[in-house]
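An overview of the molecular structure
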Amino acid sequence: MTTKVILTRKIPKVAFDILKKQAGVKIISWDNEEPIERKTFLEYANKNPDCAGILCMLTDKIDEELLSKLNKNKLKVVSTMSVGHDHIDKQACKKYGIKVGYTPGVLTNSTSDLAVTLLLAAARRLKESSDAAINGEWTTWKPEWLLGKEVYGSTVGIIGLGRIGSAFAKRMHHGFDCKILYSDVSEKDFAKDFNGKFVDLDTLLAESDFVVPHCDLNSKTKEMCNLEFFKKMRKDAIFINTTRGDVVKQDDLLTALQNNIISYAGIDVTVPEPLPTNHPLLKQKNCIVLPHIASSTRKCRNDMATLAVNNLLLGIQGKNLLKEVGLD
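Summary of the structure given here. (Residues numbered from 1 in each chain as written. Predicted model: local features only at pLDDT ≥ 70, side-chain atom pairs only at ≥ 80, totals over all residues. Heavy atoms only, no water.)

**Topic: the nonpolar core**
Counting residues in each nonpolar core, the largest one holds 28 residues, and the members touching the most others are F229, F230, M233, F239 and L253. Within the residue set of this core, elements represented by two or more residues are α8 (201-207), α9 (227-231), α10 (250-258) and β11 (264-267). With four residues, the top contributor of residues to this core is α10. Once residues lying within four places of it in the same chain are set aside, the contact partners of F230 are C225, F239, V248, D252, L253, A256, I261 and I262. (Core = buried A, V, L, I, M, F, W, Y, C linked by side-chain atoms within 4.5 Å. Buried < 20%, exposed > 50% of the residue type's maximum accessible area, 1.4 Å probe, protein only. Helix = DSSP H or I, 4+ residues; strand = E, 2+ residues; numbered from the N terminus. Contact = heavy atoms within 4.5 Å.)

**Some points on unusual backbone geometry**
P272 follows V271 through a cis peptide bond whose omega is 0°. Along the chain, P272 falls in the loop between β11 and α11 (280-283). Cis peptide bonds are those with omega within 30 degrees of zero, and the linkage from E273 to P274 qualifies with 0°. Relative to the elements of secondary structure, P274 occurs in the loop between β11 and α11. In this structure, R125 takes a positive phi of about 55° despite not being glycine. Here R125 shows up in the loop between α5 (108-123) and α6 (126-134). Positioned with a positive phi, H292 is a non-glycine residue whose angle comes to about 55°.

**Structural notes on the pairing of strand β2 (residues 25-29)**
Residues in a regular strand point their side chains to alternate faces of the sheet. As judged from the five bridges shared by strand β1 (residues 3-7) and β2, these two strands associate in the parallel manner. By the bridge assignment, K4 is partnered in β2 with K26. With respect to chirality, the unit in which β1 leads through helix α1 (residues 13-20) into the neighbouring parallel β2 is right-handed. (Pairing = 2+ DSSP bridges. Right-handed = clockwise from strand over helix to strand, strands pointing away.)

**Re the pattern of salt bridges**
Taken as a whole, this structure holds 19 salt bridges when the rule is applied. Two residues, R38 and D63, come together in a salt bridge whose shortest N-O distance is 2.7 Å. With R38 in helix α2 (residues 38-47) and D63 in the loop between β3 (53-56) and α3 (64-67), this pair connects stretches of sequence that are 25 residues apart. Taking relative accessible area as the criterion, R38 reaches 28% and is therefore assigned partly exposed. Because the salt bridges share partners, they merge into one network encompassing K149, D209, R234 and D236. (Salt bridge = Lys/Arg side-chain N within 4 Å of Asp/Glu carboxyl O.)

**Considerations on the sheet that holds β3**
Through backbone hydrogen bonds, the strands of a sheet pair up, either in parallel or in antiparallel fashion. Strands sit in the order β2-β1-β3-β4-β5 across an open sheet of five strands; the sheet is parallel. Taken across any chain shown, the strands that pair with only one partner, and hence form the sheet edges, are β2 and β5 (99-101). Neighbour-to-neighbour, the strand axes of the sheet open up by a mean angle of 20°, direction not taken into account. Judged from the three bridges that link them, strand β4 (residues 77-80) and β5 form a sheet pairing that is parallel. In the sheet register, V78 faces β5, and the bridge partner there is V100. Together, β1, β2 and β3 form the strand contacts of α2, whose direction differs from that of β1 by roughly 180°. (Axes fitted to C-alpha atoms, helices over the stretch in contact; angles between N-to-C directions.)

**Focus: the sheet that holds β11**
Taken in spatial order, the seven strands make up an open sheet running β8-β7-β6-β9-β10-β11-β12, and their pairing is parallel. Either end of the sheet is taken by a strand with one partner, and the two such strands are β8 (197-198) and β12 (287-289). As paired strands, strand β10 (residues 238-241) and β11 are joined by four bridges and run parallel to one another. Note on β11: the bridge partner recorded for F239 is A265. Relative to β11, α10 is tilted by about 145°, and along the sheet it contacts β10, β11 and β12.

**Re α5**
An ideal rise of 1.5 Å per residue puts 22 Å on 16 residues; α5 measures up with 22 Å between its terminal C-alpha atoms. Burial analysis of α5 places 12 of its 16 residues in the buried class, the great majority of the element. Among the residues of α5, T108, S110, T111, S112, L114, A115, V116, L118, L119, A121, A122 and A123 are the ones counted as buried. One or two positions beyond α5, positive phi appears at R125, with a value near 55°. (Expected span 1.5 Å × (residues − 1).)

Okay, here's the thing in structure tokens:
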């Protein structure tokens, strides 16, 4: 008996080989590094209504329109190669008894490392400094040229202290002797290892040299970082975001940077992704924009894909997933 699964993207070979070696599993794959077009995804579903599992990415919307093409009695699992899962209609999955798998934990180190990297790059104005060297602006050593912000001993404010936020906090406290303030939306204390101090959000914004959200994207956090938010920060403060682009009201971030409401920003996530090449944020000297590379290490991507494949295989077998999104 053949069991069909749909893959919406080319995945690392180490994980694809695990899936390919499974007896009785037929893979319908979009073998491309670019996202599958919505029209094509719907066609895949329409032509394979008896598929038992879908392995998808953040770019692939799993909603009623897609599920209507499939036999809900056959589809057992949707496995996303991501920590975020707001692209999946979880209520619809719950209604039809479809398990949802995701990949938390395996990208904690790579993402927190990149948050530290962005913070350091923004604090020391690396984008401007590199451009100055390339463009011939570097004439000699100057006592007050391209002065940055001291990181060691600074105050770092973290919004959302889960796995990644905690790992980031440990790096900043133990590596740079930073004082850690946190304002977790669930108000849980995960700050045992780095002397973190829980404060309300307004206090965090007023006292932090660096403000770094590490929260989930949900109805409470969507566009939480807006102009009012930035106006509560110190004028010399730096904003770093490696979580989700929708946590930030992007036009307000641009306004804050253009009007010196805050001094600098480093972001790895945007709306949309990718940003158009003529987007004003890309032209801002006081903003570093990266192309969503927080999990971009070979080990991390291999681990993410392997976990996503194992979730998929367990799901089509009717077993408990290794990492499953709660649908209650």
